[in-house]
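# Fold and contact review
One letter stands for each residue in the lines below.
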Amino acid sequence: MINRIVVGAHYGLKDWLVQRVTAVIMAVYSVLIVAVLCAVKPSSFEAWQGVFANGLIKFLTFLFFVSLFYHAWIGVRDIWMDYVKPVGLRLTLHVLTATVLVGYTAWAAAILWRL
Amino acid sequence: MSKRTVQFSIYRYDPDKDDAPYMQDMSVELEPTDIKLLDALTKLKVKDDSLAYRRSCREGVCGSDAMNINGRNGLACLQNIDELKQPIKLRPLPGLPVIRDLIVDMTQFFKQYHSIKPYLINNDPPPERERLQSPEDREELNGLYECILCACCSTSCPTFWWNPDKFVGPAGLLAAYRFIADTRDQATNERLDNLEDPYRLFRCHTIMNCVDVCPKGLNPTQAIGKIKDMMVRRFV
């Protein structure tokens, strides 16, 4: 194949926006969870479990993890796009990254709802 | 200022003669009237006429004598020589192919610049006099039109080093916003479409080296931010 430079994928804005939104979600959650833990001061495993048994905390924690993984997806993909030039290798790394992150999301859900 | 001798360490490479580039120590005696780095380079060129660099206007308007001065991109004609630590290390702009000594091949840089269509697109019949703008609309072009395309910013940008063929670069994006912001231009949508790409625009990771080195004091990062703002406004 002739080595021509192809650009013009017409995406990027949504990812850029999502990266900012997820950053805000993570920042708000971090402040919130520290405040909750300071207020409750869980001293035992059961008390700690009790904090995360709360439906709202559970939802917010899951939201935090989804935000984290989406944020990480865009960030890690950017690293591959910056430094990995061979297209086949880059695509493989994209797929591996996405797979791992989807796995993490399922894992986070399993941990939270098993409580 | 008095007479003084200034020490240099200059990147030399002549592809016809040298196998590899090397740094050459040089020194030159300066007169009290020699103030800028370009004055010293002129004297060096008299001493050794094989030294190659670009220059033209010698007053920061043409952008020809951009080079890497003590590790930082800048214009030789605007750089006060006595502010520099010696030996003054001169290298060609990073990230572009070297033609000889301090002269780089700017083809890639200008290719990116041309890719954003750096001219006014307006299909209305030209009015009898000029196309008018309100003073407020004109205000937005300040800090954009002054770019002299010296390439100091793009060649200090790590993202441009990694993807010079795909990332438009700070200079190109500043110029792109100059036309997006222009109320007389009718191709705003096409211009935004042209930039909505993970490489062309969104490779910018706001490292801000461009702002740091711009010899004209311009802010490409802010212009890139404004392009993103406009895309968001169009999107939501």
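Only a predicted model underlies this, so the values are computations on that prediction, with no experimental measurement involved.

Here the focus is the overall build of chain B. In terms of helices and strands, chain B carries 8 helices and 7 strands. Projected onto the principal axes, the alpha-carbon positions of chain B cover approximately 60 × 40 × 30 Å. Each of the 236 residues in chain B was classed as buried or not, and the buried ones make up 37%. The long-range share in chain B, meaning contacts at least 24 apart out of those at least 6 apart in sequence, stands at 65%.

Moving on to the pairing of strand β3 (residues 66–69) of chain B. All names here are of chain B. Judged from the 4 bridges that link them, β3 and strand β4 (residues 72–75) form a sheet pairing that is antiparallel. Counted as the bridge partner of I69 is R72 from β4. Linking β3 to β4, which pair antiparallel, is a turn of 2 residues; within it N70 sits at a positive phi near 50°. Pairing of β3 with strand β5 (residues 88–91) involves 2 bridges; the strand directions are antiparallel. Looking at the pairing, I69 lines up with L90 of β5.

Accessible area lost upon the coming together of the parts serves often as the stated size of an interface. The partner chain A presents 13 residues to the 14 residues of chain B that form the contact. Considering each element in turn, the side of chain B that touches chain A owes the most residues, 4 residues, to helix α8 (residues 220–235) of chain B. Its residues assigned to classes, the side of chain B that touches chain A shows 8 nonpolar, no polar and 6 charged.

Moving on, we come to the confidence of the model for chain B. This prediction gives chain B a mean pLDDT of 96; 100% of its residues lie at or above 70. ipTM for the predicted complex: 0.86, alongside a pTM of 0.92.

What follows concerns the nonpolar core. All names here are of chain B. Membership of the largest hydrophobic core comes to 57 residues, with the highest contact counts inside it found for A151, L173, L174, A176, Y177 and I227. Those elements that provide at least two residues to this core are β1 (4–12), α1 (37–47), β3, α2 (107–115), α5 (169–180), α7 (209–213) and α8. Sort the elements by how many residues they give to this core and α5 lands first, with 8 residues.

Moving on, we get to the environment of C210(B). Within the secondary structure layout, C210(B) lies in helix α7. Setting aside anything within four residues of it in sequence, one finds C210(B) in contact with C153(B), S156(B), C157(B), P170(B), P220(B) and T221(B).

Attention shifts here to the packing of helix α1 (residues 13–40) of chain A against α8(B). Relative orientation of the contacting elements α1(A) and α8(B) amounts to 100°, with a least axis distance of 11 Å. Relative to α8(B), the element α1(A) lies roughly perpendicular. Note on element contacts: α8(B) touches α1(A) through K228(B), M231(B), V232(B) and F235(B), opposite L13(A), W16(A) and L17(A).

For the rest of this paragraph, the subject is the packing of α2(B) against α5(B). Residues and elements named next belong to chain B. As a packed pair, α2 and α5 sit with axes 9 Å apart at the nearest point and diverge in direction by 20°. With respect to α5, the element α2 is oriented roughly parallel. α5 is crossed by α2, and the crossing has right-handed handedness. Within the contact between the two elements, α2 uses Q112, Y113 and S115 and α5 uses G169, A171, G172 and A175. Residues that form the contact of α2 with α5 fall into these classes: 3 nonpolar, 4 polar and no charged.

Moving on, we come to the sheet that holds β3(B). Residues and elements named next belong to chain B. Taken together, the 5 strands give an open sheet; going across it, the order is β2-β1-β5-β3-β4, and neighbouring strands pair in mixed fashion. Bordering the open sheet on either side are β2 (22–30) and β4, each of which pairs with just one other strand. Strand-to-strand twist in this sheet, taken as the mean axis angle between neighbours without regard to direction, amounts to 35°. Note that β1 and β5 share 3 bridges and pair parallel. By the bridge assignment, F8 is partnered in β5 with I88. Sitting on the sheet, α1 touches β1, β2 and β3, and the angle it makes with β2 is about 105°.

The rules behind the values
- Residues numbered from 1 in each chain as written.
- Chains lettered and ligands numbered in written order.
- Predicted model: local features only at pLDDT ≥ 70, side-chain atom pairs only at ≥ 80, totals over all residues.
- Helix = DSSP H or I, 4+ residues; strand = E, 2+ residues; numbered from the N terminus.
- Buried ≥ 20, exposed ≤ 12 C-beta atoms within 10 Å, placed from the backbone.
- Contact = placed C-beta atoms within 7 Å.
- Pairing = 2+ DSSP bridges.
- Nonpolar A, V, L, I, M, F, W, Y, C, P; charged D, E, K, R; others polar.
- pLDDT = per-residue confidence, 0-100.
- Core = buried A, V, L, I, M, F, W, Y, C linked by C-beta atoms within 7 Å.
- Axes fitted to C-alpha atoms, helices over the stretch in contact; angles between N-to-C directions.
- Parallel < 35°, antiparallel > 145°, perpendicular 65-115°, else oblique.
- Left-handed = near helix turned anticlockwise from the far one by under 90°.

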